[in-house]
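Chain and residue survey
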Amino acid sequence: MNSQENLSFDNTEIAFASKTDKDLRRAYWLFWFINKNTFVKIGSSLTRFAINFSLPIKGIIRNTVYKHFCGGETINECQETINLLAKFKVGTILDFSSEGHDDEEAFELTQREIMNTVERASKDNRISFCVFKPTGLIRFGLLEKMNAKQSLTPAEQTEFKNAKARVELICHLCHDKKVKLFIDAEETWIQEVVDDLILEMMKKYNKEKVIVYNTLQLYRTDRVEYLKWLIDDARKNDYKIGLKLVRGAYLEKERDRALKMGYTSPVHTTKAATDKDYDEAVRLCVENIEIASVCAGTHNENSCMTLSQYMIKNNIQKNHPHIHFSQLLGMSDHISFNLANAGFNVTKYVPYGPIKSVLPYLIRRAQENTSVAGQMGRELQFIIKERKRRKM
């Protein structure tokens, strides 16, 4: 079977098979709104204000943007989403998306919640991965100081020891339960410390199979070289590597900081350069598939098509356990569901958590995507096409 003939991202009947007419109507108005930069800026500010002052808008948020992009407030509330995705051969990545905390009590709460997701995933093969963001467990300022090679006070040394122990506990549990774990990427000025910590976990827990995955942001100019080094190091030291490949989430912040502080920007100056490095990273992972497991975390149609065709060209089975595709819940369904329908391994990030805690994630989702040229227009275009097909 030729994948080029059978795989298409234009089939909206497959893309939205999981959506009711009501779901499509809500999605239409949501993406229409997100497509307007001014509305997003004003709406984000008003929403923050209303939540901070306990104004009664949680119901509105819950039934619109939260319902579209999140699984629920708890793991149990995500069950309906897990079931629905599985019905269409799409796996779930449980993502506890509580943000904006910076104290030990919150870090410990987050650690316990992530371990709960691991326990749940170990009993349900429809949950393909668990995930955490390093700054959900470790104070940003501490990572920043360490990344700058500044000396830590005795209290800070203890703080990092405790933070590392939290990461270790999660990785150890994942290893014991045979649950795969994504560790998300951060800003460049704290990422080196994060890389070193993840590398330590990979060397310890990825001996027989890949459990721990690092995340490479390919808008960075140095990530392909780092990947080449990582492949060599894994071969020399007899461990396996897990990698989630993304383009990157902090583009404007990275450029602004570099300009303000007078150093060379660590990110590519053009999208074409980022795309080139992304495809090169995919190629390197696939060519080293015996030691590397890769997840293409992207909403880019060309990247997904390139990887799928590369697999066919190299006689790699579509459901090879070392290769996954992933998109966010509520976005790029035309990619996710068409890939899954064609037999590839596909997962959706399913964020969950209390509405107030998840709000920064939702606002960032809206703000990021208004800055992605054509992304929201593309989502809207597919929704309109499917509504016409259904004659709504």
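Scope of this entry: the structure provided in the associated data block. Computed from a predicted structure; not experimentally measured. (Residues numbered from 1 in each chain as written. Predicted model: local features only at pLDDT ≥ 70, side-chain atom pairs only at ≥ 80, totals over all residues. Heavy atoms only, no water.)

1. A look at the overall build of the protein chain
The line we're drawing: We count a stretch as a helix when DSSP gives it H or I for four or more residues in a row; a strand needs E for two or more, and each element gets its number in order from the N terminus. Any residue under 20% of the maximum accessible area for its type is buried, any over 50% is exposed, and the rest in between are partly exposed; the area is computed with a 1.4 Å probe on protein chains only. Should any heavy atoms of two residues lie within 4.5 Å, those residues are considered in contact.
The helix and strand inventory of the protein chain stands at 17 helices and eight strands. Here the protein chain holds 392 residues, and 56% of them are scored as buried. In the protein chain, of all internal contacts separated by at least 6 residues, the share reaching a separation of at least 24 is 78%.

2. As for the pattern of salt bridges
Short version of the rule: We define a salt bridge as a side-chain nitrogen of Lys or Arg found within 4 Å of a carboxyl oxygen belonging to Asp or Glu.
If you walk through the whole model with that rule in mind, you get 31 salt bridges. For R166, the salt bridge goes to E104, with nearest N and O atoms at 3.0 Å. With a gap of 62 residues between them, R166 in helix α9 (residues 154-177) and E104 in helix α7 (residues 104-122) connect regions that are remote in the sequence. What makes E104 partly exposed here is its relative accessible area of 30%. Note that E301 and R378 form a salt bridge whose closest N and O atoms lie 2.8 Å from each other. Here E301 is found in helix α14 (residues 301-313), whereas its partner R378 is found in helix α17 (residues 375-390), with 77 residues between them in sequence. One salt-bridge network, in which partners are shared between bridges, spans E13, D21, E386, R389 and R390.

3. Observations concerning the pairing of strand β2 (residues 127-132)
In plain terms, the rule: At least two DSSP bridges between two strands are required for those strands to pair.
Most of β2 sits out of view: six of its six residues are buried. Two strands pair when backbone bridges link them, and β2 and strand β3 (residues 180-183) are joined in this way by four bridges, in the parallel orientation. Looking across to β3, one finds that F129 is bridged to K180.

4. Examining a negative patch on the surface
To be explicit about the condition: A patch consists of residues exposed above 30% relative accessible area that lack any salt bridge, with like charges linked at up to 9 Å and nonpolar side chains (Val, Leu, Ile, Met, Phe, Trp, Tyr) linked at up to 5 Å. The protein chains shown are the only cover counted for residues, whose accessible areas, like all others here, come from Shrake-Rupley with a 1.4 Å probe. Asp and Glu count as negative and Lys and Arg as positive, but His and the ends of the chain are not part of the count. Here the site of a charge means atom NZ of a Lys, CZ of an Arg, CG of an Asp or CD of a Glu.
The grouping of D102, D103, E105 and E108 at the surface amounts to a negative patch. Residue classification places E108 among the partly exposed residues on the basis of a relative accessible area of 37%.

5. Remarks on α14
The condition that has to hold: A helix is expected to reach a length of 1.5 Å times the quantity of its residues less one.
When the terminal C-alpha atoms of α14 are compared, their 18 Å separation across 13 residues agrees well with the 18 Å that a helix rising 1.5 Å per residue should span. Inspection of α14 places S303, C304, M305, L307, S308, Y310 and M311 among the buried residues, and these make up the whole buried set. N315, located one to two residues past α14, shows a positive phi value of around 55 degrees.

6. Points about the packing of aromatic side chains
Heads up, the condition is: Between 30 and 60 degrees the pair is tilted, below 30 it is stacked and above 60 it is edge-to-face, where a pair is any two Phe, Tyr or Trp rings, Trp via its six-membered ring, whose centres lie within 6.5 Å.
A complete count under the given rule lists 12 aromatic pairs for this structure. Aromatic pair Y28 and W29: ring centres 5.0 Å apart, planes at 80 degrees, arrangement edge-to-face. With relative accessibility at 18%, the residue Y28 sits in the buried group. Its relative accessible area of 53% is what places W29 among the exposed residues. Seen from their ring centres, F96 and Y352 are 5.4 Å apart, and the 45 degrees between their planes marks the pair as tilted.

7. Section: helix α11 (residues 223-237)
Taking 1.5 Å per residue, 15 residues should reach 21 Å; α11 reaches 20 Å between its end C-alpha atoms and fits that length. For α11, the elements touching its buried residues are α10 (188-205), β4 (212-217), β5 (241-246) and α13 (271-287). Just past α11, the residue D238 takes up positive phi, approximately 60 degrees.

8. Quick notes on the pairing of strand β6 (residues 292-297)
Heads up, the condition is: Think of it like this: strands point away, you trace from the first strand over the helix to the second, and a clockwise trace means the crossover is right-handed.
β6 sits mainly inside the fold: six of its six residues count as buried. The pairing of β5 with β6 spans five bridges and is parallel. Directly across from L243, in β6, lies its bridge partner V294. Both β6 and strand β7 (residues 323-328) contribute to a ladder of four bridges, which runs parallel. Counted as the bridge partner of A296 is F325 from β7. For the crossover from β6 across α14 to β7, the handedness is right-handed.

9. Concerning the state of the cysteines
The test is simple: Note that a disulfide, as used here, is simply two cysteine sulfur atoms within 2.5 Å.
Tallying each qualifying case throughout the model produces zero disulfides. The structure places no disulfide on C295, whose sulfur is separated from the nearest cysteine sulfur, that of C304, by 9.6 Å. Taking relative accessible area as the criterion, C295 reaches 0% and is therefore assigned buried.

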